[in-house]
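Notes for the structure review
Spelled out from the first residue to the last, the chains are:
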Amino acid sequence: MSKVKAKYDVIVIGSGPSAYTCAIRCAQLGLKVLCVDNTDINSTSGAFCNAGNVGMITLLESAKLYDTLLSDIDSHGVFAENVSLNLPKMILHKDKILDGISQQITKTFTEHKIDFINSNAKLIAPKIIELSSLHSPSQQIHAKFIILATESIPISIPCTPIDNEFILDSTAALSLNKLPKRLAILGAGVIGLELAAIWNRLGAETTLLEAQETFLGLSDNQISRQAYQIFTEQGLELRLGARVISTKILNKKVFIEYQDADGTHALRVDKLIVASGRKPNSERLSAPEANLLLDENGYVHVNENCRTNLPGVYAIGDLTLHGPMLSHKGMAEGVFVAEQIAGVIGSSVNYNIIPNVIYTEPEIAWIGQTEQALKAIGDPINIGTFPLSINHQPKSAVKSNGMIKVIACANTDKILGVHIIGCHASELIAQAVLAMEFSASSEDLARTIHSHPSSAEALREAALAIKNKGLNS
Ligand code: AMP
């Protein structure tokens, strides 16, 4: 094993959104940075390509376009004839977008003189990592600081062995070259619903099998109920309380067995996508002798400054239990850690104000607390809602539905939560995030003049509704 002289201030392990954001910020602050990832920088599924769920969103945009041309455009006086689907081209478009992002990040790395090594990296002691790859002998590299940012990987279930031909993981599910006639998705969580929004729209008969009895349990209940209704009306078959127990491939079909309250059932489909959740990607991240503290589920133990139990070793993003598994949370931590290391006074991560988004159509987005959580702790609250079917009529190409809900403290009027299901919810939530970051009251929001007509003014309407001053509801 060859030993390399310490020439880096920082080594970042990983190349996802948290990792590259952290590497770039470290370099901007004058630190010499090495980024190591076991995926190749030049492959389409490689380093930097896992830029959040850009692939998912790109495909959903294409699917929405197709769906709109097929069903909703006539009422505008626009007639599109002979609309057809070229799925390989659609996938290629998605890959090109990912490739473009990857190239952009590679360029930024070069400009900031950030080194990149395509290799497995393992923490063997504070300040030392070991690199191992098929192509070169193992070597050790030293740095003053090491940042663990290997994000998360799909949870595998023994009864659904992934072959990426008939039983697919969520990455392979974004590269299908032929439309399955019948599709099943295991798990109606965030990823399962996002994938269903794409494939159902493109024409696959889609069934979601979800082990939990409740639908979208983390969201506000009122929003989950609307989501259930809207998705069902769109043709999604949502089976709750349905736990997949076995699968079999026979004559190029997937035979699924699942159990619900009524007993055991069978389902035959062309493809099964497994979207059973994600776990921290920490299995081969550190050698036992490094003594990195992990919990029983593989999450890396960190304090409020993202420091692990080892001096100079930090962990960010999906690897830790702090905050949700979302790219923007990890990216904020990446900046926070870089600024700590460089000795710059930066802002810490406000874990109470991190927007959650589900990229379905309509989108679901929320910030802060849900009505059920606030009621459970007995906090007095006021609620204002506004239906988006009123607001979107002039601006949206397609008939829109959904709602916005603002929850404020009954005593202080401070906004405690905002919940949206609707077109562009991922954009609309930004003004709620800003309002909450500045500890705004619902009255602040209600008094803010918004442009008309716009989607954004619907949030103001929901805030106005708190004091029954709604103008359009
Ligand atoms: P998420 O973590 O949001 O991606 O959601 C993953 C979903 O998969 C959860 O709601 C789980 O209940 C669901 N799930 C996990 N295992 C099974 C199974 N064997 N059958 C059906 N659903 C499952």
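Residues numbered from 1 in each chain as written. Predicted model: local features only at pLDDT ≥ 70, side-chain atom pairs only at ≥ 80, totals over all residues. Heavy atoms only, no water.

Focus on the site of the ligand
We count it as follows: We call a residue near a molecule or strand when any one of its heavy atoms sits within 4 Å of it. A 3.5 Å cut-off defines polar contacts: any pair of N or O atoms within that distance qualifies, except that in protein one atom must be a possible hydrogen donor and the other a possible acceptor, and neighbouring residues in sequence count only when both atoms are side-chain atoms. Computed with a 1.4 Å probe, the accessible areas rest on the Shrake-Rupley method; for each residue, only the protein chains presented here act as cover. Starting at the N terminus, helices and strands are each numbered in turn, a helix being any DSSP run of H or I of at least four residues and a strand any DSSP run of E of at least two. Each residue gets one of three labels, nonpolar for Ala, Val, Leu, Ile, Met, Phe, Trp, Tyr, Cys and Pro, charged for Asp, Glu, Lys and Arg, and polar for the others, Gly among them.
Contacts to the ligand come from 15 residues, most closely from G187, V190, E210, A211 and V244. At 3.1 Å from an oxygen atom of the ligand is found a main-chain nitrogen or oxygen belonging to V190. For the ligand, whose accessible area on its own is 510 Å², the fraction buried by protein is 76%. Sorting the residues of the shell around the ligand by element identifies β11 (205-210) and β13 (243-250) as the ones contributing at least two each. Partitioned by chemical class, the residues of the shell around the ligand number eight nonpolar, five polar and two charged.

Let's talk about the packing of helix α1 (residues 17-28) against helix α6 (residues 327-342)
Let me state the cut-off plainly: Axes, fitted as lines to C-alpha atoms, cover a helix only where it is in contact. Angles between the N-to-C directions of the axes lie from 0 to 180 degrees. Put simply, angles under 35 degrees are roughly parallel, angles over 145 are roughly antiparallel, angles from 65 to 115 are roughly perpendicular, and the rest are oblique. Crossing handedness is read from the near helix: turned anticlockwise from the far helix by less than a right angle, it gives a left-handed crossing, and turned clockwise, a right-handed one. Should any heavy atoms of two residues lie within 4.5 Å, those residues are considered in contact.
Look at α1 against α6: their axes get within 8 Å of each other, and the N-to-C directions meet at 25 degrees. As the angle between them shows, α1 and α6 are arranged roughly parallel. Where α1 crosses over α6, the two elements pack in a sense that is right-handed. Contact with α1, carried on its side by P17, S18, Y20, T21, C22, R25 and C26, involves S327, G330, M331, G334, V335, A338 and E339 of α6 and no other residues of that element. Of the residues belonging to the contact of α1 with α6, the class tally is seven nonpolar, five polar and two charged.

Looking at the environment of L134
Relative to the assigned elements, L134 resides in the loop between β6 (128-132) and β7 (139-148). Through-space distance from the C-alpha of L134 to that of L319 is 26 Å; in sequence the pair is 185 residues apart.

Quick word on the sheet that holds strand β22 (residues 403-409)
Under the convention used in this document: In this description, strands pair whenever DSSP reports at least two bridges between them.
Strand order in the open sheet formed by five strands is β19-β20-β23-β22-β21, and the pairing between neighbours is antiparallel. Because the sheet does not close on itself, it has two edges, and the strands there are β19 (356-358) and β21 (381-387). Shown here is a sheet whose adjacent strand axes are inclined to one another by a mean of 10 degrees, direction ignored. Sheet strands touched by helix α9 (residues 425-437): β19, β20 (363-368), β22 and β23 (415-422). Its angle to β20, the strand with the most contacts, is close to 10 degrees. In the packing of helix α11 (residues 457-466) onto the sheet, the strands contacted are β21, β22 and β23, and the crossing angle to β21 comes to about 140 degrees.

Some remarks on the pairing of strand β3 (residues 33-37)
Operational definition: Exposed residues in this analysis have more than 50% of their type's maximum accessible area, buried residues have under 20%, and partly exposed residues fall in between, with area computed by a 1.4 Å probe over protein chains only. We call a crossover right-handed when, viewed with the strands running away from us, the connection from the first strand over the helix to the second turns clockwise.
The element β3 is extensively covered by neighbouring structure, given that five of its five residues are classed as buried. Here β3 shows a buried face lined by V33, C35 and D37 and a second buried face lined by L34 and V36. One ladder, built from four bridges, connects strand β2 (residues 8-13) with β3; its direction is parallel. Across the sheet, residue V12 finds its bridge partner in β3, namely C35. Between β2 and its parallel partner β3, the chain crosses via α1, and the hand of that crossover is right-handed. In this sheet, strand β4 (residues 115-118) lies alongside β3 in parallel orientation, the contact comprising four bridges.

Focus on the domain arrangement of the chain
The criterion, for reference: For the domains described, the bounds stem from an automatic or database domain assignment. By definition here, a salt bridge exists when the distance from a side-chain nitrogen of Lys or Arg to a carboxyl oxygen of Asp or Glu is within 4 Å.
Per the domain assignment, the segments making up the chain are domain 1 (2-153 + 279-351), domain 2 (156-276) and domain 3 (362-465). Using only C-alpha atoms to locate each centre, domain 1 and domain 2 end up separated by 27 Å. Where domain 1 packs against domain 2, one counts one salt bridge. Residues D67 and R201 are paired through a salt bridge, measuring 3.6 Å at the closest nitrogen-oxygen approach. Scanning the region where domain 1 abuts domain 2 turns up three residue pairs in polar contact (both at pLDDT 80 or more). For the side of domain 1 that touches domain 2, the elements supplying multiple residues, two or more each, are α2 (54-71) and α3 (87-111). When residues in the side of domain 1 that touches domain 2 are grouped by element, the largest group, eight residues, is from α2. For the side of domain 1 that touches domain 2, the class distribution of residues is ten nonpolar, two polar and three charged.

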